[in-house]
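Structure at a glance
Chain by chain, the residues run as shown.
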There are 2 protein chains.
Amino acid sequence: MYIRCEQELLAAGLGIATRALPVRTTMPVLENIYMEARDGAIHIICTDLQKGIQTQVEADVEEEGTILMPGRIFYEVVRKLPKGEVEIRTDSSRAEIHCQTSRTTLSCMEASEYPSLPDVVSSLPIILRQEEFKEMIRQTAFAASLDESRPILTGVLLEITGNQLRLVALDGFRLAMCQCQMGEDYGSLAAVVPASSLGEIGKILTGGDAKVQLTLTGTHLLADMGETRFVARLLEGEFIKYTQILPSEWQTRAKVECAAFAAAIDRASTLAREGRNNLIRLSMSQGNMTLYADSDYGKVEENIPVELEGKDLEIAFNARYMGDVLKNVSQEAMYLCFNTNVSPCVIRPVEGEGFLFLVLPVRIYA
Amino acid sequence: MYIRCEQELLAAGLGIATRALPVRTTMPVLENIYMEARDGAIHIICTDLQKGIQTQVEADVEEEGTILMPGRIFYEVVRKLPKGEVEIRTDSSRAEIHCQTSRTTLSCMEASEYPSLPDVVSSLPIILRQEEFKEMIRQTAFAASLDESRPILTGVLLEITGNQLRLVALDGFRLAMCQCQMGEDYGSLAAVVPASSLGEIGKILTGGDAKVQLTLTGTHLLADMGETRFVARLLEGEFIKYTQILPSEWQTRAKVECAAFAAAIDRASTLAREGRNNLIRLSMSQGNMTLYADSDYGKVEENIPVELEGKDLEIAFNARYMGDVLKNVSQEAMYLCFNTNVSPCVIRPVEGEGFLFLVLPVRIYA
């Protein structure tokens, strides 16, 4: 292989691909970056077998070829090079990287042993705006479980019904759901994507009007972002039947300003964190919500204005679960919907059906 | 105590004082923040007995008094409050902090058990520009040892000779020294200040033309920055006679551009780090310096222009020690002065005598 390319482009491409480099692995070959030079580009692949990222960088290809470069080191070398043209020449065991007055020689390996990414082909890929999908991931992936003992809960359900796409994550204590309308009818599809893979896709997605194509097979999701393709292995098993746990009615509905509610939760968390259960109590009556938390250090009381419909209510939550919701919502105001103080709180936008969060209360009242 | 003050001022004051809160301590009383309200201000003190910080925040004092507040929690509570007026009312066991619709009650303690900061008085305090002292600390404290087995090396020597102030730190492998001229003759003084305390002083010092007054006694340094006073306990014992190890001559002198040299060292470090000894070899001849590093992953060669006087030279260094020097110098160019490849390298400014670094080479040549 013999190529020339721009340092900034190569560093950016490696920055994307190396998101799939395994942190620890029992297969040393996966610690490498696969590079293939052909057709005016370097094609870069990293994979930890759960997820794989393929991206390409524009290059003058003087001599085509494939090679495995030592992952972390190669990326660090390229990242630290001065801006300008980088020249890379490889034979089967060595790569020479030349940029201005810097010349690095790295041991490398033949590419034949590197696993290829699975082919993910479907007749009808789903097309979304990248910005929209990025926001949907942000609003759901945080709620997935980190507990590997129930693997299915570490995933996010991606569910297509006609022209509606819905993402759902839950961990037994809270649920996050969001949905969008698509331009076409895609029939009925469902898949559970590991939340960590989906989170990485979210980091690669850009804002603006760029599009992402999603392709689902029985085993994999492909997110095609143009120059970058992300393949994620799906989780096996049935997702929780979450629609059964979504309350359809409410007895108490409070409209709160998100920024004020978030600040009050954040302040109350300081003391809640030191107490048992990380507990925040909410007491609502028309016009006002009071938040309480206490610990051995003391107690805090916050008051924020609310527009209340229905019954007054006292209820308690884990401060972290409420805080997580507020960190991931970008709305001015939202509704908190309650039935009793031992049934879940449902958090909805004031307009539309874009998202829904559900948080289980902590029982402290008889 | 009953006071009213601005949230931003109080948070800033606590941010400074809590730099002296101990991370771990066997004396629970030190986990508190001492507060005294009098004379239109809150006087705040934190200490871990090695260092103590006293600062003050303008306040309307309705009722004078003293109190101990639980350190980390109180600071976090105040930091998260909305901007605006904060009201604090205390009795002997509880403090109520009120800001807009937020009301926090913290357990607190009577202040009588809190250790007072030592009086540090001298007839002739040394007056410096804060910005200058901050820069001197930055250029020396990094070179002090972290190894507690020789406590004196964990300190920075503060040495006054007439109207010259000099700071010196060394750890057995490298030395950093810098000096400035003062407006007056302060006689002859020397003290060894723990590098960690001096580092905290450096973080509190501001830029610009503000002044700092340094007062030394046999046991303590006081840095008086106006609203904030920092007291550091000195280290006991004799500092190393460092002047004996400073070479007065050179056989080879290379003038290098700092930015290019730093970038080359940084790139070479990527591979040096993976190799044994974190080793970088320098090879100098007129007009050019080549840096080499290698490891199992490969090797790197960097070339930078130099103006060389004297003999050509090959010498090797620990990449980190050279990198540390370059991170803490803000000059365009500097001199590297050598005698042989087994004697120390001295790094000096191109003009003046503001700083001097000494780095021991690694012996790899016969």
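Look a little higher up for the structure.
One structure accompanies this document, and this report is about it. (Residues numbered from 1 in each chain as written. Chains lettered and ligands numbered in written order. Predicted model: local features only at pLDDT ≥ 70, side-chain atom pairs only at ≥ 80, totals over all residues.)

Quick look at the overall build of chain A
A count of helices and strands for chain A gives 6 helices and 25 strands. Across its three principal axes, chain A shows a C-alpha extent of roughly 75 × 50 × 35 Å. A total of 366 residues make up chain A; the buried ones form 43% of that total. Taking contacts inside chain A between residues at least 6 apart in sequence as the whole, the part at least 24 apart equals 67%. (Helix = DSSP H or I, 4+ residues; strand = E, 2+ residues; numbered from the N terminus. Buried ≥ 20, exposed ≤ 12 C-beta atoms within 10 Å, placed from the backbone. Contact = placed C-beta atoms within 7 Å.)

As for the interface of chain B and chain A
Contact with chain B, which involves 26 residues of that partner, is made by 26 residues of chain A. When residues of the side of chain B that touches chain A are traced back to their parent elements, those giving at least two are helix 2 (71–80), strand 9 (102–107), helix 5 (258–272) and strand 21 (298–310) of chain B. Looking at the side of chain B that touches chain A element by element, the count peaks at 7 residues for strand 21 of chain B. Across the side of chain B that touches chain A, the residue classes tally to 9 nonpolar, 8 polar and 9 charged. Across 5 bridges, strand 9 (residues 102–107) of chain A lies against strand 21 of chain B in antiparallel orientation. Across the sheet, Thr 104 of chain A pairs through a bridge with Val 300 of chain B, a residue of strand 21 of chain B. (Nonpolar A, V, L, I, M, F, W, Y, C, P; charged D, E, K, R; others polar. Pairing = 2+ DSSP bridges.)

Re the relation of the copies chain B and chain A
The transformation that overlays chain B on chain A combines an axial shift of 0.0 Å with a rotation of 180°, and the residual RMSD is 0.0 Å. In short, the pair behaves as if placed about a two-fold rotation axis. Closest approach to the rotation axis among the C-alpha atoms of chain B is made by Val 23 of chain B, whose C-alpha sits 15 Å away. (Least-squares fit on C-alpha atoms with pLDDT ≥ 70 in both.)

Describing the sheet that holds strand 15 (residues 211–216) of chain B
Residue and element names in this part refer to chain B. The strand order 6-2-3-4-17-16-15-10 describes an open sheet built from 8 strands, whose pairing is antiparallel. Each of the sheet's edge strands pairs with one partner strand only, and the pair in question is strand 6 (65–70) and strand 10 (126–129). Sheet twist, expressed as the average angle between the axes of neighbouring strands with direction ignored, equals 20°. One ladder, built from 5 bridges, connects strand 2 (residues 32–38) with strand 3 (residues 41–47); its direction is antiparallel. Pairing of Met 35 across the sheet is with Ile 44, part of strand 3. Sheet strands in contact with helix 2 are strand 2, strand 3 and strand 6, and its direction is about 95° off that of strand 6. Those strands touched by helix 3 (residues 130–140) are strand 10 and strand 15, and its axis lies near 85° from that of strand 10. (Axes fitted to C-alpha atoms, helices over the stretch in contact; angles between N-to-C directions.)

A word on the pairing of strand 24 (residues 345–349) of chain B
Residue and element names in this part refer to chain B. As judged from the 4 bridges shared by strand 23 (residues 333–338) and strand 24, these two strands associate in the antiparallel manner. What sits directly across from Tyr 335, in strand 24, is Arg 348. Pairing of strand 24 with strand 25 (residues 355–359), which is carried by 3 bridges, proceeds in the antiparallel orientation. The residue of strand 25 that forms the bridge with Ile 347 is Phe 357. With antiparallel pairing between neighbouring strands as the criterion, strand 24 and strand 25 make up a hairpin whose turn holds 5 residues, including Gly 352 at a positive phi of roughly 80°.

Some words on the sheet that holds strand 16 (residues 220–224) of chain A
Strand pairing in a sheet relies on backbone hydrogen bonds. The paired strands run either parallel or antiparallel. All names here are of chain A. Read across the open sheet, the 8 strands follow the order 6-2-3-4-17-16-15-10; overall the sheet is antiparallel. Looking at strand neighbours, the two that pair on one side only are strand 6 (65–70) and strand 10 (126–129), the edges of this open sheet. Averaged over all adjacent pairs, the angle separating strand axes in this sheet is 20°, with direction ignored. Where strand 4 (residues 51–58) lies against strand 17 (residues 228–233), 5 bridges are found, and the strand directions are antiparallel. Across the sheet, the residue bridging to Lys 51 is Ala 232, located in strand 17.

Observations concerning the environment of Glu 64 of chain A
Residue and element names in this part refer to chain A. Position of Glu 64 relative to the elements: it lies in the loop between strand 5 (60–63) and strand 6. Along the backbone, Glu 64 and Ile 42 are 22 residues apart, and their C-alpha atoms lie at a distance of 9.3 Å. Not counting residues up to four positions away in its chain, the partners in contact with Glu 64 are Met 1, Ala 37 and Arg 38.

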